[in-house]
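# Tertiary structure, described
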Amino acid sequence: MAWMENAATVAASRLYGTYPTLKSVDMFKFRGPSSVGDRLVFKAIVNNTFQKSLEVGVRVEAYDCEEWTQGKARHINSAFLIYNASSDKAHTQTFPSVKYTSKDGQRRYLAAIVRKRIRLARKHILSSKEEGPLSVPWDKSNQVYLSYNNVAALTVLAGKHGWEVNSSQPKIRVYMNEELDTLSVQVEMHVRVSSLQAFFLLSDLSLRPSWDRHYSSCEEVQVVNEDDKLYHITCPAVNKDKPRDFVVLMSRRQPCKEGDSYIVALRSVTVASVPPDPDYTRSEVLCAGFLISDASSATCKVSYYNQVTSGVLPYIAGNLAGWSKSMEETASSCIEFLENVTDQKICAF
């Protein structure tokens, strides 16, 4: 095993320019024995890189004297070693991308993506834990602070480094960002409407059930002011669990200066007028929302962010594991809604 790690480290460091940090060993397999006197050949190759991590595949072959002269190897061991970028400030903290040049290289490249998704799902779905309470009590004494903090938290989330493309298709890209035990998702959409129009439509959460199948209903609980409202959201059941509900603060802000984005921020709050319902599992949103910016005079970029909590996880679990495209499908519905909404509905704002 130590020699396999040495071979993998050499392959990774040649690409990175310095020694990365070994994070984990995945799918280590003993396929057969080696005997005293065998010649061992260690083969290591970088299968794929993911900005902050890379995967190296290692294959160990054994030969006895006869097999060596005939060129017939015995495949005895294999493993995939995952490395993290160095924390040394003298070196870049992201890995350069790799390109495949053969069909076998393409196979290894795509297989590494699948294994990364499996590791992600295993960590955040199978090993997920319930957090402590995330909601903050809503009252008059802290309204200004919560509204400001709601917008600021979304801005900080959007500005994080290390967003990695999870899937890509025309007009839609899904990114993920993993920091220790925290997983965040970003869905980027390109829409043929003005950013102001998208801002008004997306900030009215009562319209969201018309395009987001994860929203069964969304009712306005309280109008705090023109830019801050409280909503009660119900969501359908997943995996035969009870349906879930959320009470959220929606805070929206228009740009202060040219180049700034429109912001629609969401976070959970506790409101006495909406107590937990025994027919629903009360769940929480820590930080979510939209950043909307101009792409041209008639188009805009809409980026949706969500810092995943245990209450949100069931609705994106299929995307993490790779057997569902629910986020892409929801994004497509959002684009269709924004581009086809009637002028009368826009004027209602």
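Computed from a prediction, not measured in an experiment: that's the story for all the values here.

## With respect to the overall build of the protein chain
From N to C terminus, the protein chain includes 8 helices and 15 strands. Structurally, the protein chain occupies a C-alpha span of about 85 × 50 × 40 Å along its principal axes. Sorting the 349 residues of the protein chain into buried and exposed places 47% on the buried side. Per element, the accessible surface of the protein chain, about 18600 Å² overall, is 53% carbon and sulfur.

## What about the environment of Lys-123?
Structurally, the position occupied by Lys-123 is in helix 3 (residues 103-126). The spatial distance from the C-alpha of Lys-123 to the C-alpha of Asp-181 is 8.5 Å, given a sequence separation of 58 residues.

## Things to note about the pairing of strand 9 (residues 217-225)
It is a general feature of regular strands that their side chains alternate between the two faces of the sheet. One ladder, built from 7 bridges, connects strand 9 with strand 10 (residues 228-235); its direction is antiparallel. When the sheet's bridge partners are listed, Glu-220 is paired in strand 10 with Tyr-231. Two successive antiparallel strands, strand 9 and strand 10, enclose a turn made up of 2 residues.

## Some words on helix 5 (residues 195-203)
Summarising burial for helix 5: 7 of the 9 residues are buried, a large majority. Burial in helix 5 covers these residues: Ser-195, Gln-197, Ala-198, Phe-199, Leu-201, Leu-202 and Ser-203.

## Some words on the nonpolar core
Within the largest apolar cluster, 49 residues are counted, with the highest numbers of intra-cluster contacts made by Met-189, Phe-290, Ile-292, Val-302 and Leu-338. Broken down by element, the residue count for this core peaks at 6 residues, all from helix 7 (residues 326-340). The contacts of Met-189, once residues within four sequence positions are left out, are Lys-171, Phe-290, Cys-300, Lys-301, Val-302, Tyr-304, Ala-331, Cys-334 and Ile-335. Of all hydrophobic cores here, the second largest spans 18 residues; its members include Met-4, Ala-12, Val-58 and Ile-76.

## So, the pattern of salt bridges
As a working rule, side chains carrying opposite charge can pair if their charged atoms are close by. All told, the structure shown has 20 salt bridges when counted by the stated rule. Across the pair Glu-61 and Lys-43 runs a salt bridge whose closest N-O atoms are separated by 3.4 Å. Here the residue Glu-61 occupies a position in strand 3 (residues 53-63), and Lys-43 occupies one in strand 2 (residues 39-49), the gap between them amounting to 18 residues. Residues Arg-59 and Glu-61 are paired through a salt bridge, measuring 2.7 Å at the closest nitrogen-oxygen approach.

## A look at unusual backbone geometry
Backbone geometry places Met-27, a non-glycine residue, at a positive phi of 55°. Following the sequence through the fold, Met-27 ends up in strand 1 (residues 21-30). Here the phi dihedral of Asn-239 falls at roughly 55°; this positive angle occurs in a residue that is not glycine. With respect to the secondary-structure elements, Asn-239 resides in the loop between strand 10 and strand 11 (244-253).

## With respect to the confidence of the model for the protein chain
Caution applies to low-pLDDT regions: their predicted coordinates should not be interpreted in detail. Averaged over every residue, the pLDDT of the protein chain is 90; residues scoring 70 or more account for 94%. When mean pLDDT is compared element by element in the protein chain, strand 15 (residues 300-307) scores highest at 97, while helix 8 (residues 343-347) scores lowest at 47.

## Digging into the packing of helix 5 against helix 7
Closest axis-to-axis distance for the helix 5/helix 7 pair is 10 Å, and the angle between their directions is 115°. Between helix 5 and helix 7 the crossing geometry is right-handed. Contacts from Gln-197, Ala-198, Leu-201 and Leu-202 of helix 5 reach helix 7 at Cys-334, Phe-337 and Leu-338.

## Focus on helix 1 (residues 2-16)
With 15 residues, helix 1 should reach 21 Å at 1.5 Å per residue; the first-to-last C-alpha distance of 21 Å fits that figure. Along helix 1, the residues that are buried comprise Met-4, Ala-7, Ala-8, Thr-9, Ala-11, Ala-12, Ser-13 and Tyr-16. Phi turns positive one or two residues past the end of helix 1, at Gly-17, with a value near 95°.

Rules behind the numbers
- In this convention, every chain numbers its residues from 1, walking through the sequence in written order.
- Local features in this predicted model are restricted to residues of pLDDT 70 or higher, and side-chain atom pairs are both shown and tallied only at a pLDDT of 80 or more, whereas totals for entire chains, interfaces and linings draw on every residue.
- Computation of side-chain values covers all heavy atoms of the structure but excludes hydrogens and water.
- Going along the chain from the N terminus, every DSSP run of H or I of four or more residues is numbered as a helix, and every run of E of two or more is numbered as a strand.
- For each residue, the accessible area found with a 1.4 Å probe, counting protein chains only, is set against the maximum for its type, and the residue is called buried under 20%, exposed over 50%, and partly exposed in between.
- Only the protein chains shown count as cover for residues, and all accessible areas are computed by the Shrake-Rupley method using a 1.4 Å probe.
- Strand pairing is assigned whenever DSSP identifies at least 2 bridges connecting the two strands.
- We define a nonpolar core as any set of buried Ala, Val, Leu, Ile, Met, Phe, Trp, Tyr and Cys residues linked to one another through side-chain atoms lying within 4.5 Å.
- By definition, residues are in contact when any of their heavy atoms lie within 4.5 Å.
- Any Lys or Arg side-chain nitrogen located within 4 Å of an Asp or Glu carboxyl oxygen qualifies as a salt bridge.
- Confidence scores here are pLDDT values: one per residue, from the predictor, ranging 0 to 100.
- Angular values range over 0 to 180 degrees, each being the angle between N-to-C directions of two axes fitted as lines to C-alpha atoms, with helices fitted over their stretch in contact.
- Handedness of a crossing is defined here by the sense of rotation of the near helix relative to the far one, left-handed for an anticlockwise turn of less than a right angle and right-handed for a clockwise turn.
- The span one expects for a helix is its residue count, reduced by one, times 1.5 Å.

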